[in-house]
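An overview of the molecular structure
Next come the chains, spelled out residue by residue.
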Protein chains: 2
Amino acid sequence: MSTEGTELAEIINGKAFSANLRAQIAAEVAGLPYQPGLAVVLVGDDPASKVYVANKAKQTVEVGMASFEHKLPAETTQEDLLALVRRLNADPKVHGILVQLPLPKHLNADEVIAAISPDKDVDGLTVVNAGRLAAGLPGLVPCTPLGCILLLEDRLPDMTGLNAVVVGRSNLVGKPIAQLLLQKNCTVTMAHSRTKDLPALCRTADILVAAVGQPEMVKGDWIKPGATVIDVGINRVPGAVEGKTKLVGDVAYQEAAAVAGLITPVPGGVGPMTIACLLRNTLTAAKRLEGR
Amino acid sequence: MSTEGTELAEIINGKAFSANLRAQIAAEVAGLPYQPGLAVVLVGDDPASKVYVANKAKQTVEVGMASFEHKLPAETTQEDLLALVRRLNADPKVHGILVQLPLPKHLNADEVIAAISPDKDVDGLTVVNAGRLAAGLPGLVPCTPLGCILLLEDRLPDMTGLNAVVVGRSNLVGKPIAQLLLQKNCTVTMAHSRTKDLPALCRTADILVAAVGQPEMVKGDWIKPGATVIDVGINRVPGAVEGKTKLVGDVAYQEAAAVAGLITPVPGGVGPMTIACLLRNTLTAAKRLEGR
């Protein structure tokens, strides 16, 4: 049975939402007596990373922030990279520091991330920010989880008592999203590859978050009618035309959209929120650092 | 209908388990080329705290560790308390630091806890240790959650795929237990006062952890037959004889024991594990600090 053409769910348009968020950030930045600054460190020549860093820099400037790009050669030593991070920690013009991952293999990414001041850690990757999130203290939340919760808050202003199921337990996405949903008073279940009868569990979810990195793993009949589905997956798969590829999420979109009440598409759902949330974190960090 | 006399569950004897754990710790301490040391800081004259600190000191000495007690007057200033914590951080004979809570009201407990070196934070209260736990990194886990997971590991060596429901989302107990159960590959649900139909949710649990501080809130018919029930509650309620009190857990024990497969009693279940886990954390901290 084809479900094409029977789409019922309302689409959560992350592209429009993120454009609006960036406009709000720009308006707030324009009214500040200082200019928030974001430093991005890129080591080596990975083509995808270069495109992504250029895009970040463009959007940073567009909201009126200062963008500091540090492009280092692939053979940069650990010591030199750590020294740069320490200089950025001490630089009062820099409110946010992002080290583009992955780093070349001879470098120790964990040590580099640990060297970033938690108050400038706009990617929310440090242990201190993970601890602040777990403890419900103000901190900097990883950008993709923050993007998901902003999209949800917009559509579901009161999530109290809703059953949320998060599929995937990565430190970067699944676990922080679970913490944020708990703060919103959801009953939160953390599911993963070892979960038994995942389809049945997913069918109990009022809010279903898929963050597993498996193309179209979550099927239409895993979804409770009317549920809100947040698809964090971005998977490149072969397209209809030979030699071409396309992007799909962790959710079988057409099937799911026929059952869900609200759903994020891929592309154009959670993806566009990431850089917008990076800018929001930079603004948050700047206000805290300048407010001291 | 009375369920008295129909007890089916096997009792998890935390008193015996903790005595055995302390004996193991003592044996390991005896073989070390250094003596682990635990510093306990007590401010003021709260009678319950004094009893508890004396008990900790006694058990510390019994396992062959050094016990450093710092008893400060109730009028101690924040500055003096912070200065003591910093001296203990720097003292190579001290591997664990515990500041007995609650502190007198004029003192800022959050600031004092934040001053404790995360590597000596044997209560697992610092933001850094919360972050390490969330990230699955080696750290120091709060004592009561650690006690629960040790009792569970002993009876359920493989928890993979089991449904665990944690009722209560405190930073000190509920949230860390959820993280530890997730590390054991359970599917973990965090429930709380805003959860809808808590009895039905509890009935899905293979492992049910009650950590709410509500006397006998979890009833027998909330429990799946054969489930493992961990009762973290310690509530003092009026006893059968007027003027006398008794201790009960968060679980209605007689009813629950008629349904569960394994259950911790109150007293004598999770409670005795706390000090034993404090000593275990001190040993863990000492080995890491001395191993550097």
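Starting afresh in each chain, residues are numbered from 1 along the sequence in its written order. Here every chain gets a letter starting at A, and every ligand a number starting at 1, in the order they are written. At least 70 in pLDDT is required for a residue's local features to be given in this predicted model, at least 80 for side-chain atom pairs to be given and counted, and no such filter applies to totals for whole chains, interfaces and linings, which use all residues. Note that water and hydrogens are dropped before the side-chain values are worked out from all heavy atoms of the structure.

1. Overview of the environment of I116 of chain B
Residue and element names in this part refer to chain B.
- Mapping I116 onto the fold places it in the loop between α4 (109-115) and α5 (127-135).
- On the basis of relative accessibility, which here comes to 4%, the residue I116 falls in the buried class.
- Separated by 150 residues in sequence, I116 and V266 place their C-alpha atoms 32 Å apart.
- Leaving out residues up to four positions away in the same chain, I116 has contacts with V85, N89, I97, V99, D121 and T126. Secondary structure elements are taken from DSSP: a helix is a run of H or I of four residues or more, a strand is a run of E of two residues or more, and numbering for both begins at the N terminus. Think of it in three bands: with a 1.4 Å probe and only protein chains considered, a residue is buried below 20% of the maximum accessible area for its type, exposed above 50%, and partly exposed in between. For this analysis, residues touch if any pair of their heavy atoms sits within 4.5 Å.

2. Examining the confidence of the model for chain A
- Along the chain, pLDDT gives the predictor's confidence residue by residue, from 0 to 100. When the pLDDT values of chain A are averaged, the result is 96; 98% of them are 70 or greater.
- For this predicted complex, the interface confidence reaches an ipTM of 0.95, while the overall pTM sits at 0.96.

3. As for unusual backbone geometry
- Cis geometry is found at the peptide bond from V266 of chain A to P267 of chain A, where omega equals -5 degrees.
- Looking at the element boundaries, P267 of chain A is found in the loop between β11 (262-263) and α10 (273-291).

4. What about the UniProt feature "domain: Tetrahydrofolate dehydrogenase/cyclohydrolase NAD(P)-binding" (unreviewed entry) in chain A?
- Residues annotated in UniProt with the feature "domain: Tetrahydrofolate dehydrogenase/cyclohydrolase NAD(P)-binding" (unreviewed entry) correspond here to residues 142-288 of chain A.
- Across residues 142-288 of chain A one finds 33% helix and 19% strand; the C-alpha atoms that close the span lie 17 Å apart. UniProt positions are given in the numbering used here, feature names are shortened, and annotations may be inferred rather than shown by experiment.

5. Re the nonpolar core
- Side-chain atoms within 4.5 Å link the members of a nonpolar core, which is a set of buried Ala, Val, Leu, Ile, Met, Phe, Trp, Tyr and Cys residues. Ranked by internal contacts, the top residues of the largest apolar core, which has 102 residues, are L181 and I207 of chain A together with L181 and I207 of chain B.
- It is helix α10 (residues 273-291) of chain B that provides the largest number of residues to this core, a total of 8 residues.

6. Notes on the pattern of salt bridges
- Salt bridges are defined by distance alone: a side-chain nitrogen of Lys or Arg within 4 Å of a carboxyl oxygen of Asp or Glu. For the structure on display, the rule yields 18 salt bridges over all chains.
- Here R132 of chain B ties to D119 of chain B by a salt bridge, and the two come within 3.1 Å at their closest N and O atoms. Remark: D119 of chain B occurs in the loop between α4 and α5 and R132 of chain B occurs in helix α5; sequence separation between them is 13 residues.
- The class for D119 of chain B is partly exposed, based on a relative accessible area of 23%.
- In the salt-bridge network here, residues are joined through shared partners; they are E10, D154 and R155 of chain A.

7. With respect to the relation of the copies chain A and chain B
- The fit set for superposing copies consists of C-alpha atoms from residues with pLDDT of at least 70 in both; the fit itself is least squares. Under the fitted operation, chain A is carried onto chain B by 0.0 Å of movement along the axis and a turn of 180 degrees, and the coordinates agree to an RMSD of 0.0 Å. Here the two chains are linked by the operation of a two-fold rotation axis.
- When the interface residues of chain A are mapped onto chain B, 100% of them again lie at the interface, so the same face is used by both copies.

8. So, the sheet that holds strand β6 (residues 187-191) of chain B
- Between any two strands, at least two bridges found by DSSP are needed for them to pair. Across the sheet, which stays open at both edges, the 12 strands sit in the order β1(A)-β11(A)-β8(A)-β7(A)-β5(A)-β6(A)-β6(B)-β5(B)-β7(B)-β8(B)-β11(B)-β1(B) with mixed pairing between neighbours. Here the strands that pair on one side only, and so sit at the sheet edges, are β1 (10-11) of chain A together with β1 (10-11) of chain B.
- Pairing between β1 of chain B and strand β11 (residues 262-263) of chain B: 2 bridges, direction parallel. Residue pairing in the sheet places E10 of chain B in a bridge with L262 of chain B of β11 of chain B.
- Taken strand by strand, helix α7 (residues 174-183) of chain A contacts β5 (163-167), β6 (187-191) and β7 (207-210) of chain A together with β6 of chain B, and its axis lies near 170 degrees from that of β5 of chain A.
- Comment: axis = line fitted to C-alpha atoms, over the contacting stretch for helices; angle = value between 0 and 180 degrees taken between N-to-C directions. Against the sheet, helix α6 (residues 143-155) of chain B contacts β1, β7 (207-210), β8 (228-231) and β11 of chain B, and its axis sits at roughly 160 degrees relative to β8 of chain B.

9. As for the pairing of strand β2 (residues 37-43) of chain B
Residues and elements named next belong to chain B.
- A large share of β2 lies buried, amounting to 7 of its 7 residues.
- Alternating residues of β2 divide into G37, A39, V41 and V43 and L38, V40 and L42, and every residue in both groups is buried.
- Taken together, the 7 bridges between β2 and strand β3 (residues 66-72) define a ladder with parallel strand orientation. Bridge pairing links L38 to S67 in β3.

10. Structural notes on the side chain of N129 of chain B
Residues and elements named next belong to chain B.
- Following the sequence through the fold, N129 ends up in helix α5.
- Residue N129 is classed as buried on the basis of its relative accessible area of 2%.
- Polar contact is the term for a pair of N or O atoms within 3.5 Å; when the atoms are in protein, one must be able to donate a hydrogen and the other to accept it, and sequence-neighboring residues count only if both atoms are side-chain atoms. Separated by 2.8 Å, the side chains of N129 and D121 make a polar contact.
- Only 3.1 Å separates the side chain of N129 from the side chain of R132, close enough to count as a polar contact.
- Among all residues touching N129, those that are not within four sequence positions of it are P118, D121, G124, G139 and L140.

11. Details of the domain arrangement of chain A
- Each domain's limits were defined by an automated method or a database of domain assignments. Assigned domains of chain A: these are domain 1 (33-117) and domain 2 (142-271).
- Between the C-alpha centres of domain 1 of chain A and domain 2 of chain A the distance comes to 30 Å.

12. Notes on the pairing of β7 of chain A
All names here are of chain A.
- Alternating positions in β7 separate into two faces, I207 and V209 on one and L208 and A210 on the other, with burial throughout.
- Summarising the sheet, β7 and strand β8 (residues 228-231) pair through 4 bridges and their orientation is parallel. Considered in β8, the bridge of V209 is made with I230.

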